[in-house]
Amino acid sequence: QVELVESGGGLVQPGGSLRLSCAASGFTFSNYRMTWYRQAPGKERELVAHITSAGGSTSYPDSVKGRFTISRDNTKNTVYLQMSSLKPDDTAVYYCNAIRTVGATTREYWGQGTQVTVSS
């Protein structure tokens, strides 16, 4: 049974930090690229960080670059999102995503999401 379970969300003041975790099970984690997305009320889902399967390359949109860091530990089947200098605009449900494409076949999994609220 495939599972992606996010944790670490919560309420934080502007300028604060949070570390999200996403624990994977039921598939070969080290073969999958991992991505964190977020979705705020009334807005489309937005990519916030991506990491390759071995962790050698990461990418971020300008909206979070320099503030968010994605990392992974393939021995623990876990991907992390370290968020700092948080702003109210970062308030959203954060989801982790696992994806792997081999030839014409793509497998993709989603977690259930964790709420991050940035407010004073």
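Refer to the structure presented above.
What you are looking at is a predicted structure, and each value in this text was computed from that prediction instead of being measured. (Residues numbered from 1 in each chain as written. Predicted model: local features only at pLDDT ≥ 70, side-chain atom pairs only at ≥ 80, totals over all residues. Heavy atoms only, no water.)

(A) Structural view of the packing of aromatic side chains. Under the counting rule described, the total for this entry stands at four aromatic pairs. Ring centres of F27 and Y32 lie 4.8 Å apart, and the angle between their planes is 65°; this geometry places the pair in the edge-to-face category. On the basis of relative accessibility, which here comes to 13%, the residue F27 falls in the buried class. For Y32, a relative accessible area of 5% translates into the label buried. With a centroid separation of 5.0 Å and an interplanar angle of 50°, the aromatic rings of Y37 and W110 are classed as tilted. One end of the pair, Y37, is in strand β4 (residues 33-39); the other, W110, is in strand β10 (residues 105-110), with 73 residues separating them in the sequence. Connected via pairs of aromatic rings, a cluster forms that spans F27, Y32 and Y109. Across from the ring centre of W110, 4.5 Å away, lies the NZ or CZ of R45, which sits over that ring. A cation sits over an aromatic face here: R72 above F29, 4.4 Å from the ring centre. (Phe/Tyr/Trp six-rings, centres within 6.5 Å; stacked < 30°, edge-to-face > 60°. Buried < 20%, exposed > 50% of the residue type's maximum accessible area, 1.4 Å probe, protein only. Helix = DSSP H or I, 4+ residues; strand = E, 2+ residues; numbered from the N terminus. Lys NZ or Arg CZ within 6 Å of the ring centre and 35° of its normal.)

(B) Focus on the environment of T91. Among the structural elements, T91 can be located in the loop between β8 (78-83) and β9 (92-102). On the basis of relative accessible area, T91 is assigned to the partly exposed category, the value being 21%. Taking the C-alpha atoms as reference points, T91 and H50, 41 residues apart in sequence, are found 19 Å from one another. A polar atom in the side chain of T91 sits 2.9 Å from the backbone nitrogen of V118. (Polar contact = N/O pair within 3.5 Å; in protein donor to acceptor, adjacent residues only side chain to side chain.)

The values reported here are purely geometric and, on their own, carry no functional implication.
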